[in-house]
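So the chains spell out like this:
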Amino acid sequence: MSGRGGAEPLVMGIESSCDETGVGIVRGTELLAHALSSSMEEHVRFGGIVPEVASRAHLEAMVPTLEQAYAESGVRVQDVDAIAVTSGPGLTGALLVGVAAAKALALAHDKPLYGVNHLAAHVAVDQLEHGRFDRRVAALLVSGGHTELLLVDDIAGDITMLGQTIDDAAGEAFDKVARLLDLPYPGGPHIDRVARDGDPTAIRFPRGLTLPKYADDHRYDFSFSGVKSAVARHVEHERRMGRDVPVADIAASFQDAVCDVLTAKTIAACREHGIDTLIIGGGVAANTRLRAMAQERADAAGIEVRVPRIGLCTDNGAMVAALGAEVVRRGMEPSSLDLPVDSGLPVTQVVAS
Ligand code: KG4
Ligand code: ZN
């Protein structure tokens, strides 16, 4: 810990905001444990995350996941300098499980407790892979639950939300369109796969919030419900005409529309704010087209793109530990043991009180 002769803090992080129970242990920016249990399989038959099912799965997975993290790292909770936990944003019932576990451990072992912001943690995790940020960065978070464009001046306390989705999250749009195309849930990887055989210019799907009239109010916001409805209308039309639905062309065209808007707005924001480092996180960061388009456009604008490996892009405990370590390193005040969960915790609040 910085207070102990400048050594890097040893921090445990607990994540339970959606369907992944994660426990990570880091020393500064070094990853020591990355234990994960997912309840995704239990949600597949419902075609989406069921909050009550997720909460119960967190309860069952919490202790085994903690044990796995201890075994991986050789670190016990007694050894850590602090315990960090996602206290928001996320599903209330799911968050409660992680926060209750973190409080119990903090109380039992007399450790400082830090309730931290899930979105900031998605950005902080990149430091485990690519080292500390030494300047202002932008971050695009895209998953089943997020579509946020952030400006990060200080990962532990100075983050601005430049834009976010006003309806569906990007991953949610992939999942809903996959369902329209009779592809399994979660749909993102399936769209990505079938799109490889399709023509991305076959159908011109709408690019949400890109018209000049949105340049002021929704400059960096996103909307994916329009493209989803356009796909639904297209599929319905093809069926009504008795034609085979051109799944590959629709998937490729839809994917291009989404990736076009995501990357165009993100690069424009980087240019406007003089940023030369972009981090992409969340499950949709696995998308081949998004990666290629972001790389191509960032290269043209002289921007470096940093994408953590996909296991760190999706929800996990290591990201919470990584953010916790930054917060501890700066000597910030811990949260209280009365720390509440906050399903709508704003990104401006990196540590909850
Ligand atoms: O971060 P994540 O694992 O979980 C949360 O939503 O928190 O993200 C899952 C989302 C799903 O919507 C899934 O369809 C999408 O990420 N996804 C993809 C790809 N892989 C996962 N979307 C597009 N292309 C992919 N290759
Ligand atoms: Zn997340």
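About the criteria used
- Residues numbered from 1 in each chain as written.
- Chains lettered and ligands numbered in written order.
- Predicted model: local features only at pLDDT ≥ 70, side-chain atom pairs only at ≥ 80, totals over all residues.
- Heavy atoms only, no water.
- Donors = N, O, S within 2.8 Å, 3.2 Å for Na, K, Ca; no water.
- Tetrahedral: all angles 85-135°; square planar, octahedral: opposite > 155°, others 65-115°.
- Helix = DSSP H or I, 4+ residues; strand = E, 2+ residues; numbered from the N terminus.
- Expected span 1.5 Å × (residues − 1).
- Contact = heavy atoms within 4.5 Å.
- Phe/Tyr/Trp six-rings, centres within 6.5 Å; stacked < 30°, edge-to-face > 60°.
- Buried < 20%, exposed > 50% of the residue type's maximum accessible area, 1.4 Å probe, protein only.
- Lys NZ or Arg CZ within 6 Å of the ring centre and 35° of its normal.
- Pairing = 2+ DSSP bridges.
- Axes fitted to C-alpha atoms, helices over the stretch in contact; angles between N-to-C directions.
- Near = heavy atom within 4 Å.
- Polar contact = N/O pair within 3.5 Å; in protein donor to acceptor, adjacent residues only side chain to side chain.
- Areas by Shrake-Rupley, 256 points an atom, 1.4 Å probe, with all protein chains shown as cover.
- Domains from an automatic or database assignment.
- Buried area = accessible area lost by both parts, 1.4 Å probe.
- Salt bridge = Lys/Arg side-chain N within 4 Å of Asp/Glu carboxyl O.

1. Let's talk about the coordination of the zinc ion (ligand 2)
Then comes step 1: For the zinc ion (ligand 2), every protein donor is listed as His118 (NE2), His122 (NE2), His146 (NE2) and Asp315 (OD), and the spread of their distances is 2.1 to 2.3 Å.
Then comes step 2: Around the zinc ion (ligand 2), the four donor atoms are arranged such that angles at the metal cover 89 to 164°; this shape is classified as irregular.
Then comes step 3: Ordering the donors of the zinc ion (ligand 2) by residue number gives the pattern H-x3-H-x23-H-x168-D. With histidine 122 in helix H4 (residues 118-124) and aspartate 315 in the loop between helix H11 (310-313) and helix H12 (317-329), the pair connects residues that are 193 residues apart, well separated along the chain.

2. Some thoughts on helix H10 (residues 288-301)
Then comes step 1: The terminal C-alpha atoms of H10 lie 20 Å apart, and with 14 residues this matches the ideal 20 Å at 1.5 Å per residue to within 8%.
Then comes step 2: On its buried side, H10 packs onto strand E6 (137-142), helix H9 (247-272), strand E9 (277-281) and strand E10 (304-306).
Then comes step 3: At the exit of H10 stands glycine 302, carrying a positive phi of roughly 70°.

3. Description of the packing of aromatic side chains
Then comes step 1: Applying the stated criterion across every chain, the model contains two aromatic pairs.
Then comes step 2: Between phenylalanine 174 and phenylalanine 254, the aromatic rings sit 5.1 Å apart at their centres with planes inclined by 75°, giving edge-to-face as the arrangement. With a gap of 80 residues between them, phenylalanine 174 in helix H6 (residues 170-180) and phenylalanine 254 in helix H9 connect regions that are remote in the sequence.
Then comes step 3: On the accessibility criterion, phenylalanine 174 (1% relative accessible area) is buried.
Then comes step 4: On the basis of an interplanar angle of 10° and a centroid distance of 6.2 Å, the ring pair of phenylalanine 222 and phenylalanine 224 is categorised as stacked. Phenylalanine 224 carries the same exposure label as phenylalanine 222, and that label is buried.
Then comes step 5: We note lysine 265 situated over the ring of phenylalanine 222; from NZ or CZ to the ring centre the distance is 6.0 Å.

4. Quick notes on the sheet that holds strand E5 (residues 113-117)
Then comes step 1: As summarised here, the arrangement of the six strands in space is E3-E2-E1-E4-E5-E11, forming an open sheet in which the pairing is mixed. The outermost strands of the open sheet, each flanked by one partner alone, are strand E3 (30-38) and strand E11 (351-352).
Then comes step 2: Sheet topology places E5 next to E11; two bridges connect them, and they run antiparallel. Looking at E11, one finds that valine 116 is bridged to valine 351.
Then comes step 3: Here helix H3 (residues 92-109) sits on the sheet in contact with strand E1 (10-15), strand E4 (82-88) and E5, set at roughly 160° to E4.
Then comes step 4: Seen against the sheet, H12 touches E1, strand E2 (20-27), E3, E4, E5 and E11 and runs at an angle of roughly 135° to E1.

5. With respect to the site of ligand 1
Then comes step 1: Near ligand 1, the surroundings consist of 18 residues, among which Gly144, Asp175, Gly188, Asp192 and Asn287 are the closest.
Then comes step 2: The contact in question runs from an oxygen atom of ligand 1 to an N or O atom on the side chain of aspartate 315, over 3.2 Å.
Then comes step 3: Protein chains bury 88% of the 550 Å² of accessible surface belonging to ligand 1 in isolation.
Then comes step 4: Elements supplying a minimum of two residues to the shell around ligand 1: H6 and helix H7 (188-195).

6. What about unusual backbone geometry?
Then comes step 1: Cis geometry is adopted by the peptide bond preceding proline 89, which originates at glycine 88 and carries an omega value of -10°.
Then comes step 2: Counting through the fold element by element, proline 89 comes out in the loop between E4 and H3.
Then comes step 3: Positive phi values are uncommon outside glycine, yet aspartate 110 reaches one of about 55°.
Then comes step 4: The topology assignment puts aspartate 110 in the loop between H3 and E5.
Then comes step 5: Phi at aspartate 182 takes a positive value of approximately 60°, unusual for a residue other than glycine.
Then comes step 6: Tracing the backbone through its elements, the reader meets aspartate 182 in the loop between H6 and H7.
Then comes step 7: Owing to a relative accessible area of 63%, aspartate 182 belongs among the exposed residues under this scheme.

7. Observations concerning the domain arrangement of the chain
Then comes step 1: Domain parsing of the chain yields domain 1 (4-125 + 316-352) and domain 2 (137-309).
Then comes step 2: With centres defined by C-alpha atoms, the gap from domain 1 to domain 2 works out at 28 Å.
Then comes step 3: Tallying the contact residues gives 24 residues for domain 1 and 19 residues for domain 2.
Then comes step 4: The contact between domain 1 and domain 2 buries some 1,700 Å² in all, and 71% of this surface belongs to carbon and sulfur atoms.
Then comes step 5: One can count one salt bridge joining domain 1 with domain 2.
Then comes step 6: The partner of aspartate 154 in a salt bridge is arginine 330, with the nearest N and O atoms 2.8 Å apart.

8. Focus on the sheet that holds E9
Then comes step 1: Here we have five strands laid out as an open sheet, ordered E8-E7-E6-E9-E10, and mixed in their pairing. Each of the sheet's edge strands pairs with one partner strand only, and the pair in question is strand E8 (158-164) and E10. Strand-to-strand twist across the sheet, computed as the mean angle between neighbouring axes with direction ignored, equals 25°.
Then comes step 2: Direction of pairing for E9 relative to E10: parallel, over a ladder of three bridges. Residue isoleucine 279 lies in a different strand from E10, and its bridge partner there is arginine 306.

9. A closer look at the pairing of E4
Then comes step 1: A large share of E4 lies buried, amounting to seven of its seven residues.
Then comes step 2: Pairing of E1 with E4 involves four bridges; the strand directions are parallel. Within the sheet, the bridge partner assigned to glycine 13 lies in E4 and is alanine 84.
Then comes step 3: Two elements, E4 and E5, share five bridges in a ladder whose sense is parallel. Bridging across to E5, alanine 84 finds its partner in tyrosine 114.

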